[in-house]
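Per-entry structural report
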Amino acid sequence: MLSKTRGIVLHSIAYNDKYSIIYMYTEAFGRASYLVARNRGKKTAVSKALFMPLSVLEMEVEHLNKRDLHRIKETKLCYPLTELFCNPVKNVLALFLAEVLFRVVKETEPDARLFGFLYESIHLLEYAEEGIANFHLVFLLRLLSCLGIYPNADSHKAGYYFDMMNGVFCDTVPVHRHYLDKEESLVFARLLRMSFENMSLYSFSRQDRVRIINRIFEYYRLHLPEFPEIKSFSVLQSLFD
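Parameters and conventions
- As a convention, each chain's residues are numbered from 1 in the sequence order in which they are written.
- In keeping with the model being predicted, local features are shown solely for residues with a pLDDT of at least 70 and side-chain atom pairs are shown and tallied solely at 80 or more, while totals for entire chains, interfaces and linings include all residues.
- Hydrogens and water are ignored here; the side-chain numbers use all heavy atoms of the structure.
- Stacked, edge-to-face and tilted labels apply to pairs of Phe, Tyr and Trp rings (six-membered ring for Trp) whose centres lie within 6.5 Å, assigned for plane angles under 30 degrees, over 60, and everything in between, in that order.
- The rule is short: NZ of Lys or CZ of Arg within 6 Å of the ring centre and within 35 degrees of the ring normal puts a charge over the ring.
- Any two strands with at least two DSSP-identified bridges between them are counted as paired.
- For helices the rule is a DSSP run of H or I covering at least 4 residues; for strands it is a run of E covering at least 2, with both sets numbered from the N terminus onward.
- As a rule, the C-alpha atoms of each element are fitted with a line to give its axis, helices using only the stretch in contact, and angles between N-to-C directions run from 0 to 180 degrees.
- Contacts are assigned to residue pairs that have any heavy atoms within 4.5 Å of one another.
- For this analysis, a salt bridge means a side-chain nitrogen from Lys or Arg found within 4 Å of a carboxyl oxygen belonging to Asp or Glu.
- In this scheme, a residue with accessible area under 20% of its type's maximum is buried, one over 50% is exposed, and one in between is partly exposed, where area comes from a 1.4 Å probe on protein chains only.

Another point: the packing of aromatic side chains. Scanning the model with the defined rule gives 16 aromatic pairs in all. Over the aromatic face of F102 sits the side chain of K106, whose NZ or CZ is 5.7 Å from the ring centroid.

All right, on to the sheet that holds strand 2 (residues 19-26) then. Taken in spatial order, the 5 strands of this closed barrel run 1-2-3-5-4, and their pairing is mixed. Strand-to-strand twist in this sheet, taken as the mean axis angle between neighbours without regard to direction, amounts to 55 degrees. Two strands pair when backbone bridges link them, and strand 1 (residues 2-14) and strand 4 (residues 56-62) are joined in this way by 7 bridges, in the antiparallel orientation. The residue bridging G7 from the neighbouring strand is L57, located in strand 4. In the packing of helix 2 (residues 88-104) onto the sheet, contacts are made with strand 1, strand 2 and strand 3 (30-37), and the angle to strand 1 comes to roughly 105 degrees. Across the sheet, helix 3 (residues 112-127) touches strand 1, strand 2 and strand 4, and the angle it forms with strand 1 is around 65 degrees.

On to the pattern of salt bridges. This model, assessed by the stated rule, comprises 7 salt bridges. A salt bridge links E62 to R67; the nearest nitrogen and oxygen atoms lie 3.2 Å apart. Take E62: its relative accessible area is 22%, and that puts it in the partly exposed class.

Further remarks concern the pairing of strand 4. Sheet topology note: the strand 4/strand 5 (residues 69-77) ladder contains 6 bridges and is antiparallel. In the sheet register, L57 faces strand 5, and the bridge partner there is L77. What sits between strand 4 and strand 5 in their antiparallel hairpin is a turn of 6 residues.

Written out as C-alpha cells, the structure reads:
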C-alpha cells in the first residue's frame, strides 16, 4: 500500500553494492528505514542526491508495518537547502544535528510535535543569518522538550545548583556528583532562556561553547543511557572562534 509522508534524512549507510539504507524521521510513521538504489537512471523518481543529512522530503512510500526496510516510490525536496549543503558552517551543523537525531530519535510511532519542531528548525537554519554559532545550543536544549526530559527552568533562583539527574535547580548541593556549581547553574539558566529568535544576542567563546555542549551531552547521557559519543562533535569544535 502506498502512502504519502514528509520525511527528514538522519543517516545513510551502504547495504550492499546496489543499495543504501536511508534512516529517516517521517511525519506519518516516526523513525523508518528505506532501501534506496545507489545507482539510478536519469529518469528515476528517487534520486540518491536528495538524501543528504537533514534533507526534508515529500515522499510516496511503500510502508508495511511488518517490514524493517521500506521502499520509496517517489520523492522531492519540500524546500531547497542550498545553504545547508553549500555553506561550510551550516553543512557541519547539519551533519552534527543529524547525527544527534539519529542517535536519540528511536520511536517508530509518529509524533507531530517532534516532526514539527525538526521541520521548522531545519527551515530556520537554512535561512538564518545571525546567531548561527548558537543554533545547535538552542536546538539541543529545545529537543529535550520533545523527548520529555526538559529541565524545570522555573525552579531556578540566584545561588541555586542545577541537579542534572533530577532536572531541577535546588538550594543545596545534591548528594550525587551530577550537578552544576552556582556559576555553571547561572549560565545554564541563562541558556534555557535562549531561543532561535534571540540567539544572536548571546555571546560565548569557542571554549565556553564546547564546555556548554559537553554539559548538555552529560545531561543527555543521564536521561538517555544509550546516548553515545557524537563523532562529528570533533569537527564542530573547530568552528566559531
